[in-house]
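# Remarks on the overall topology
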Amino acid sequence: QVQLVQSGSELKKPGASVKVSCKASGYTFTSYGLNWVRQAPGQGLEWMGWITTNTGNPTYAQGFTGRFVFSLDTSVSTAYLQISSLKAEDTAVYYCARDGGYDLRYWGQGTLVTVSS
Amino acid sequence: QSALTQPASVSGSPGQSITISCTGTSSDVGGYNYVSWYQQHPGKAPKLMISDVSNRPSGVSHRFSGSKSGNTASLTLSGLQAEDEADYYCSSYTSSSTRVFGTGTKVTVL
């Protein structure tokens, strides 16, 4: 069965960087795109962008350019989200989600990133 | 890309039907039959409930149905049950080849 398993919670200081991983299993990794979705505490879902897993081409939504980087390691079927120069407002749960056509059919369990001094 | 507009909250009694609206523009909801709906219980990851406006993925209850008219999509929950109490989000493909989520709706079962 399709599974997306994300790395554990992170506590970081402002200005630091964080790298969240999303390990896929149960399907051919390079056949479906991987999306990233942010959910700030008590807030709704925000689509951050996606990365094509066959070419590694990222697309970033407005508001997620510059400090946010999507990457892959296809040898271990894993996608990564790196956020640099962390700010308090980056505190959120970050989800990876696999394309299912034009929907997000499978989701990781989420990774809580807390930015606090 | 602005978020799609959903009512903040909708409520109903067990057994009743409720409908959640999702309003966008001709560049997203109105332009494509690629609206999906997600259910999210507290502390859990979202779950796909409807894809491509009205398709139910395997395992999703027949009590959930989707439709679209113009720039507004709708999710109907029939025979409301206590387990349906959750947050619901719509999402649409856009003319910029991106995705956008709705503002989210909290469903309360009275």
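See the structure above.
This is a predicted model, so every value here is computed, not measured.

## A word on the overall build of chain B
Regarding its fold elements, chain B presents 0 helices and 9 strands. Along the chain direction, N to C, the helices and strands of chain B fall in the order β-β-β-β-β-β-β-β-β. Computed over the C-alpha atoms, the radius of gyration of chain B is 13 Å, within 12% of the 13 Å expected from 2.2 N^0.38 for a compact globule of 110 residues. The C-alpha extent of chain B, read off along each of the three principal axes, is 40 × 25 × 25 Å. Going through the 110 residues of chain B one by one, you find that 46% of them count as buried. For chain B, long-range pairs separated by at least 24 residues make up 56% of all intrachain contacts whose partners lie at least 6 apart in sequence. Surface exposure of chain B reaches about 4800 Å², of which carbon and sulfur atoms provide 45%. Of the charged side chains in chain B, 7 are positive and 6 negative, and the gap between their average positions amounts to 4 Å.

## Quick look at the sheet that holds strand 3 (residues 18–25) of chain A
All names here are of chain A. Strands sit in the order 1-3-8-7 across an open sheet of 4 strands; the sheet is antiparallel. Two strands bound the open sheet, and with one partner strand each, they are strand 1 (3–6) and strand 7 (68–73). Each adjacent strand pair in this sheet contributes to an overall mean axis angle of 20°, direction not counted. The pairing of strand 1 with strand 3 spans 4 bridges and is classified as antiparallel. Along strand 3, the bridge assignment pairs Val-5 with Lys-23.

## Considering unusual backbone geometry
You will see that Ser77(A), though not glycine, has its phi angle at about 50°, which is positive. As for its placement among the helices and strands, Ser77(A) is situated in the loop between strand 7 and strand 8 (78–83). Here Val53(B), not a glycine, exhibits a phi torsion of approximately 75°, which is positive. Take Val53(B): it is sitting in the loop between strand 4 (47–50) and strand 5 (64–69). In this structure Val53(B) comes out as buried when scored by relative accessible area, which is 9%.

## Observations concerning the sheet that holds strand 6 (residues 72–77) of chain B
All names here are of chain B. With antiparallel pairing, 3 strands are arranged side by side in an open sheet as 2-6-5. Where the open sheet ends on each side, the last strands, each with one partner, are strand 2 (18–23) and strand 5. Within this sheet the neighbouring strands show an average axis-to-axis angle of 20°, counted without direction. Across 6 bridges, the pairing between strand 5 and strand 6 is antiparallel. Residue pairing in the sheet places Ser-69 in a bridge with Thr-72 of strand 6.

## Regarding the interface of chain A and chain B
Listed per partner, the contact involves 19 residues of chain A and 18 residues of chain B. In total, about 1600 Å² of surface goes out of reach between chain A and chain B, with carbon and sulfur atoms giving 59% of it. Interface area lost by chain A to chain B is led by Leu45(A), Trp47(A) and Tyr102(A), which between them contribute 44%. At the boundary of chain A with chain B, the tally comes to 1 salt bridge. If you look at where chain A meets chain B, you find 9 residue pairs in polar contact (both at pLDDT 80 or more). Listing elements by their share of the side of chain A that touches chain B, those giving two or more residues are strand 4 (34–39), strand 5 (45–51), strand 9 (92–99) and strand 10 (104–107) of chain A. Of the residues belonging to the side of chain A that touches chain B, the class tally is 8 nonpolar, 7 polar and 4 charged.

Definitions and cut-offs
Residues numbered from 1 in each chain as written. Chains lettered and ligands numbered in written order. Predicted model: local features only at pLDDT ≥ 70, side-chain atom pairs only at ≥ 80, totals over all residues. Heavy atoms only, no water. Helix = DSSP H or I, 4+ residues; strand = E, 2+ residues; numbered from the N terminus. Rg over C-alpha atoms; globule rule 2.2 N^0.38 Å. Buried < 20%, exposed > 50% of the residue type's maximum accessible area, 1.4 Å probe, protein only. Contact = heavy atoms within 4.5 Å. Areas by Shrake-Rupley, 256 points an atom, 1.4 Å probe, with all protein chains shown as cover. Lys, Arg positive; Asp, Glu negative; His and termini not counted. Charge placed at Lys NZ, Arg CZ, Asp CG, Glu CD. Pairing = 2+ DSSP bridges. Axes fitted to C-alpha atoms, helices over the stretch in contact; angles between N-to-C directions. Buried area = accessible area lost by both parts, 1.4 Å probe. Salt bridge = Lys/Arg side-chain N within 4 Å of Asp/Glu carboxyl O. Polar contact = N/O pair within 3.5 Å; in protein donor to acceptor, adjacent residues only side chain to side chain. Nonpolar A, V, L, I, M, F, W, Y, C, P; charged D, E, K, R; others polar.

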